[in-house]
Amino acid sequence: MFDAIQIFLEVHAAGSLSGVAKKRDVAVSSISRKIDALEAELGMKLFHRSSRRLLLTDSGEQFLPRAKTIAAELDDARQAMSALNADPRGLLTITAPAAFGRRHVGPAVASFLNRYPLMEVDLHISDQIVDLSTQRVDVAIRMGILPDSDLVATTLAPLHRLTCASPAYLARYGYPATPQDLLQHNCLTGAASPSPAGWWIYPGVNKEIALPVRGSLRCSDTETLLQAALAGTGIIHLASWMVFEHIESGQLISLFPGTSSIPTKIRPGIHAVRMPGRSHAAKAQLFIAHLRSVFGEPVYWDRVLG
């Protein structure tokens, strides 16, 4: 069936059966039988055929993008299998959000290059969202909830947020017993309004709408919020990948550990995305597999969830 799908795409691009037959050096009837078999398998007509023109039917128009995706994925798989039998080499361009990139992607890139010494990586650490369709980026690390797109996405980990405070803050102001008690505490928040997806949201609390917390510091930079919390200024609600080391060292205390699961209304995650059909697809898949191996299952920063 995969060969029939490829022939369907070639016929659409050429606009004729004869053009594809000539390119493949086969009889026109052979190409026609492949299209007939595909139409029979799908249970729909894909082309309006006449002696002069070959046009897609409405069903053919709907099937076209799916056929392109299938063909691209098959090509990616073939490249990946070839890469297993050869030493990967060449350049791979990767983008990652600033804080996560510095903490987790950078070290993974270093171990990737140690493992595959013929590879080169062009790593861009930035919170700017890059358009993979127009720029030569092979792998982009994205946070949160992905919009619908043609990108091939691999989920690396769920995105858990933890409510934390320093021992000094808690000794001075007391422990909030429930998430609702945060309304009486100094909560350090992002500057964006409304808050990013998942901030100050708890399963079964406030109809799973962000609590209207307030505090003395609002900042667009999560690193600054983290440092303020470490200094005892207030309470933070940040990703587990950002705070886990401070929890393990005792610099921060995780509050409400029983409510650290992801709320039911949102399923944010950490994803690796790439464009299908790119020439570097095999190397991109190899790097994504390396990330998954380094991060582990479950990922190492979620070991503080208990």
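So, here is what we can say about the structure in this document. (Residues numbered from 1 in each chain as written. Predicted model: local features only at pLDDT ≥ 70, side-chain atom pairs only at ≥ 80, totals over all residues. Heavy atoms only, no water.)

Focus: the overall build of the protein chain
As a reminder of what qualifies: Numbering of helices and strands runs from the N terminus; a helix is a DSSP stretch of H or I covering at least four residues, while a strand is a stretch of E covering at least two. The rule is simple: take the accessible area with a 1.4 Å probe, protein chains only, and divide by the maximum for that residue type; under 20% is buried, over 50% is exposed, in between is partly exposed. Any two residues whose heavy atoms approach within 4.5 Å at even a single point are treated as in contact. Using a 1.4 Å probe, accessible areas were evaluated by the Shrake-Rupley method; residue-level cover was limited to the displayed protein chains.
Looking only at helices and strands, the protein chain has 9 helices and 10 strands in total. Across the 306 residues in the protein chain, those meeting the buried criterion constitute 44%. Taking the intrachain contacts of the protein chain between residues at least 6 apart in sequence as the baseline, contacts between residues at least 24 apart amount to 74%. Accessible area for the protein chain stands at about 16200 Å²; split by element, carbon and sulfur atoms hold 52% of it.

Section: helix 7 (residues 222–230)
Defined as follows: Directions pointing from the helix axis toward each C-beta atom define the arc.
Listed in full, the buried residues belonging to helix 7 are Leu 225, Leu 226, Ala 228 and Ala 229. In an axial view of helix 7, the angular spread of the buried residues amounts to 160°, which keeps them on one side of the axis. At its buried positions, helix 7 is contacted by helix 5 (98–115), strand 8 (236–239) and helix 8 (240–249). A positive phi of about 90° marks Gly 232, the residue just after helix 7.

As for the sheet that holds strand 7 (residues 161–165)
Put simply, the test is: For two strands to be treated as a pair, DSSP must find no fewer than two bridges joining them. For helices, the fitted line uses only the C-alpha atoms of the stretch in contact; every axis is such a line through C-alpha atoms, and the angle between N-to-C directions lies from 0 to 180 degrees.
Across the sheet, which stays open at both edges, the 3 strands sit in the order 8-7-9 with antiparallel pairing between neighbours. A strand with exactly one partner marks an edge of an open sheet, and here the two such strands are strand 8 and strand 9 (253–255). Ignoring which end each strand starts from, the neighbouring axes of this sheet average 50° apart. Relative to strand 9, strand 7 runs antiparallel, the two being bridged by 3 bridges. Residue pairing in the sheet places Cys 164 in a bridge with Ser 254 of strand 9. Of the strands in this sheet, strand 7, strand 8 and strand 9 touch helix 8, which is tilted by about 110° from strand 8.

Description of the sheet that holds strand 3 (residues 90–96)
Taking strand neighbours across the sheet as the criterion, the 5 strands line up as 4-3-5-10-6 in an open arrangement whose pairing is mixed. Edge positions in the sheet fall to strand 4 (119–125) and strand 6 (152–158), since each has one partner strand and no second. Sheet twist, expressed as the average angle between the axes of neighbouring strands with direction ignored, equals 20°. In this structure, strand 6 lies alongside strand 10 (residues 269–274), joined through 6 bridges in antiparallel fashion. Counted as the bridge partner of Ala 157 is Ile 270 from strand 10. Relative to the sheet, helix 9 (residues 281–295) contacts strand 3, strand 4, strand 5 (139–144), strand 6 and strand 10, its axis offset from that of strand 6 by approximately 10°.

Description of the nonpolar core
Note the cut-off: Here, nonpolar core refers to any group of buried Ala, Val, Leu, Ile, Met, Phe, Trp, Tyr and Cys residues whose side-chain atoms link them within 4.5 Å.
The biggest cluster of nonpolar side chains holds 57 residues, and the ones touching the most others in it are Ile 141, Ile 236 and Val 243. Sequence-distant contacts of Val 243, defined by excluding residues within four places in its chain, comprise Leu 162, Cys 164, Leu 226, Ile 236, Leu 238 and Leu 252. Ranked by size, the runner-up nonpolar core spans 20 residues in total, among them Ala 21, Ile 35, Leu 64 and Ala 67.

Thoughts on the pairing of strand 10
The element strand 10 is largely enclosed, with a buried count of 6 among its 6 residues. With burial as the criterion, each face of strand 10 is covered, one bearing Gly 269, His 271 and Val 273 and the other bearing Ile 270, Ala 272 and Arg 274. In this sheet, strand 10 lies alongside strand 5 in antiparallel orientation, the contact comprising 5 bridges. Within strand 10, the residue paired with Met 143 across the bridge is Ile 270.

Some thoughts on the side chain of Ser 240
Looking at the secondary structure, you find Ser 240 in helix 8. Non-local contacts of Ser 240, meaning those with residues more than four positions away in its chain, are made with His 160, Arg 161, Leu 162, Trp 301 and Asp 302.

Any functional reading would require information beyond the geometric quantities listed.
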